[in-house]
Every structure is written in structure tokens, then in C-alpha cells.
Amino acid sequence: MCSIGAADAIARLAAALDDLAAQDLTAAFGPQLIDRLGLLLVAGNRLTAEVARTVRQGELTGAAEHDGQKTMASWLRGHARLPDPAAKRLVAAGRALEALPAVAAAAATGAVPAEALAVIAPVAAPGKLAAAAAQEVDLAGVDAALAEVAATRPHEELRQVMKHYLARLDPDGPEPDPTEGRSLTFVKHADGSLSFRGQLDAVGGEKFQTAVESIVQASRPAGDLRTRAQQSADALVQLADNALAAGGLPILRTHKPHVVVRVDLEDLIDPAAAGPGAAQTGFGTIISAARARWLACDGGISRIVIGPDGEVLDYGRRQRVSPPPLRRALEARDRGCVFTGCHAPAHWCDVHHLVHWIDGGQTNLGNCALLCERHHTKIHHGFTIVRDADGRWHTYRPDGTEILILPRITEEPERSRAG
């Protein structure tokens, strides 16, 4: 909970923002708008610095554990709805403000934008601080110089200064550890298509190219009008098909990995049903009923009937481990970890008994939920999850207060199960 002083200050800040939002800007002209914008940007910079400072203190004190999260980055993703890169930037900015007091002082005045803090943050990385100490770098001098450049010079100039500092700090470059240089990131778009970008070391890249090229060269039909890029993309999908079909991939939470599509029975069997939003894949992509029928041509089909009390999928006390049909029903209902603020996908999750099996709890839909490994552990150490009559999950701390997602500034006080 906020201290009284912090709560009062934030309430005054909220009231000031309400006043600003109530102002009519339609009659304002150029100079007035520019002046207003400048003041808002400075205030925004100050607020960002205060957020980063608070995030760092939360990191030092393990504050994320209050809501069952492991790190402040995971709390920011789940409770502030920030994308992962933005959450990590805030954590890094908080560390930089702690390590660089001159930069922190400049940021507190509003002179340093959030983007500048993101550029400066690598200075405070543990490895960089250790390297600076080993080389007896005057970190206070570096701090003062960075604060001056960040507060007075163009952003690109700050980037150049940082590049020069980091290069001088490690002139020989990093050790050739291939795993350190590898990365692969995915971006899911609104239409369900997937973009990805990656970086591989020389040997890893050679393996990847060889695998893709083998598929490309194995499928070169006459009259093929595909571009080289299209051939390579098709080869990558074929590699995934081959690996999934072979059945040798690691088990995902008691099941062999496979493509999952959820579609209503009526849409699956009706050729006229071609709506674009009729089916959903395991990773959340919305596809058409026609595409779902295409996938079903060579796939296994399971009929799942989900009743309010789980009467069809009621396995009672006959077995403790959830059977595959029940697991599929839980994935269809919960979609992922149900712990408030967690977005772990279903294939990361365990099946949890709300009433423990050893205490007489049944292995059925009404008594089970999906929880990621971390939050499954939390539930067994005092936290509680409850599913209400509308099908919404609620999470309670060991003290009985409910974990709520932001924004909280206009919400009622936290509820407890007793309240």
C-alpha cells in the first residue's frame, strides 16, 4: 500500500491531470500549444524518472512478490500491461538512476527524456560497472558528462557518446560465446500473421541455412514461380511440420507438442461458415472456419463439451493426473495461467486442483485450473484463486486481499474474500 504522503501527492497529481484534461484546446493557437506541450513534456520526463526510481526500489525490496510475481519486469507486464521491451527499459532505467546520481538529478528536473535513460542504462549493467571498476574509470566524471549531454544535446549525440564509452570500456569486444550472440523474437500481428527477427553466430547460422536449404533443394517442381524468399519461408514451415510429425520434440506439459485449433462444431462441419473469426489457435491467432477445416483434414479431432459444472468431463476420484480430454478442455476455457497479472500461455501451465486431490478434490473441470509453474507454487504457499459465477478468475494474497490490475487510482479499495 502507498504511504499516506505518497497517496496524497499522487491524489494531487491526479487532480492536476483532471484539470488539464478538462481544458478546452480548440481555441488555443500555436504559441500557447507549444508552451503547454513543453511544460507537459518536462512533467512527463519527471514522472518517468519517478516511476523508474520506484521500480528500482521495488526491485531491491522484492515488491513484486506482494502480487505473486518474480520480478518487477514481470509485474510491469502483467499489471501495467507494458510490452516486454518497455518493462525491461523501465527496470534498466531505475538501475541507471541509482548508479548515476548526476543523471538522476538531471532526470528529476525533467531535462532527461525516457529515451535518453534507455540509452544510458547499459552503463549501470553489472558487467559494465565491474569493467569500469577494474579499469579505475572515473565513474563520477562519466556520470556528470552523460547528465550534461542527455540534458542539453541532441539524442543522436548522446548515442555516439555512449557508443564511444562502451567501446573504450571493452576494446577487445566480447568473448566468442555463441549462445550470448543468439536471439529470436516473434511479433504476432492483428491478422494472426507472424513476424520474427533473429541473430545467430557463424556456426549456428550455418546449421540453420543448411537445414532450410535441404528442404528448398528437395522441392523444386517445374514451373515454380515462388521467389527465393518464399521458397525459404515455405522450407522453414516444412521443417516445423517434419519436426512435429516425427514426435521427437520435448514434451509440453504432459503432451507432445502439436498445433491446436478451437472451433465450434457448427462452424467445423458447415461449408458455408467461412467467417474470419470462427476459430482460434493455441497461441491465440484467430483464423477462419475454412482454414480450421483445412487443418482438420489430417489432424485429430476431439469433441469437448464444457458444462457449467463439468458434468461431462467429470473423472472424479479415479485418477489424479488430468487425462488429455480434460487438459484440452482446460486449455479451451482458461487459455493460459489464471493467476492475476500472469500471461503465461497454456503450454507453460500445470493443471491445479482447487480442492487438493489428497483432500478429496475431484479431477474434473470445475475443480481444476491452469497455472504456470511459479504461480502453481504460490497457490500452494498461501495465495488463492477463485472462479466466480461469471467465469472470471480472482486471485487473493495470503492476507485475503485481492490482487487487482491497474489502473487502481479510481477504483474502490482492494477487496478481501471476507468483504
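Residues numbered from 1 in each chain as written. Predicted model: local features only at pLDDT ≥ 70, side-chain atom pairs only at ≥ 80, totals over all residues. Heavy atoms only, no water.

Chemist: When you look at the overall build of the protein chain in this model, what are you seeing that I'm missing?
Modeler: Scanning the protein chain for helices and strands turns up 15 helices and nine strands. Considering only intrachain contacts with a sequence separation of at least 6, the fraction spanning at least 24 residues in the protein chain is 51%. (Helix = DSSP H or I, 4+ residues; strand = E, 2+ residues; numbered from the N terminus. Contact = heavy atoms within 4.5 Å.)

Chemist: Please explain the confidence of the model for the protein chain as it appears in this structure.
Modeler: The predicted coordinates ought not to be read in detail in places where the model reports low pLDDT. Here the protein chain averages 82 in pLDDT, and 78% of its residues register 70 or above. Here residues 305-320 scores under 50 on pLDDT; set against residues more than four positions off or in separate chains, the count is 32 contacts. Every residue in residues 409-413 scores below 50 in pLDDT, and together they form four contacts with partners more than four places removed in sequence or on other chains. (pLDDT = per-residue confidence, 0-100.)

Chemist: Looking at this structure, how should I read a nonpolar patch on the surface?
Modeler: Together, Leu 13, Leu 17, Leu 47 and Val 51 give the surface a local cluster of nonpolar side chains, amounting to about 310 Å² of exposed area. With respect to the helices and strands, Leu 17 occurs in helix α1 (residues 4-22). (Patch = residues over 30% accessible without salt bridge, like charges linked within 9 Å, V, L, I, M, F, W, Y side chains within 5 Å. Areas by Shrake-Rupley, 256 points an atom, 1.4 Å probe, with all protein chains shown as cover. Salt bridge = Lys/Arg side-chain N within 4 Å of Asp/Glu carboxyl O.)

Chemist: In this structure, what is going on with the pairing of strand β2 (residues 194-199)? I would like to understand it.
Modeler: For a regular strand, the rule is simple: side chains alternate between the two faces of the sheet. Inspection of the sheet shows strand β1 (residues 183-188) paired to β2 by six bridges, in the antiparallel sense. Its bridge partner lying in β2, Val 187 is registered against Ser 195. The hairpin turn running from β1 into β2, its antiparallel successor, is five residues long, and Gly 192 in that turn takes a positive phi close to 90°. (Pairing = 2+ DSSP bridges.)

Chemist: Would you mind showing me how to read the side chain of Thr 340 here?
Modeler: Take Thr 340: it is sitting in the loop between α14 (324-334) and β6 (349-353). You can call Thr 340 buried: its relative accessible area is 12%. Within the structure, the side chain of Thr 340 is placed 2.9 Å from the side chain of Thr 395, a separation counted as a polar contact. (Buried < 20%, exposed > 50% of the residue type's maximum accessible area, 1.4 Å probe, protein only. Polar contact = N/O pair within 3.5 Å; in protein donor to acceptor, adjacent residues only side chain to side chain.)

Chemist: Help me understand the side chain of Asn 45, please; the structure alone is not making it clear to me.
Modeler: In this fold, Asn 45 is placed in helix α2 (residues 30-61). Since its relative accessible area comes to 16%, Asn 45 is described here as buried. Excluding anything up to four places from it in sequence, Asn 45 contacts Ala 107, Gly 110, Val 112, Pro 113 and Ala 114.

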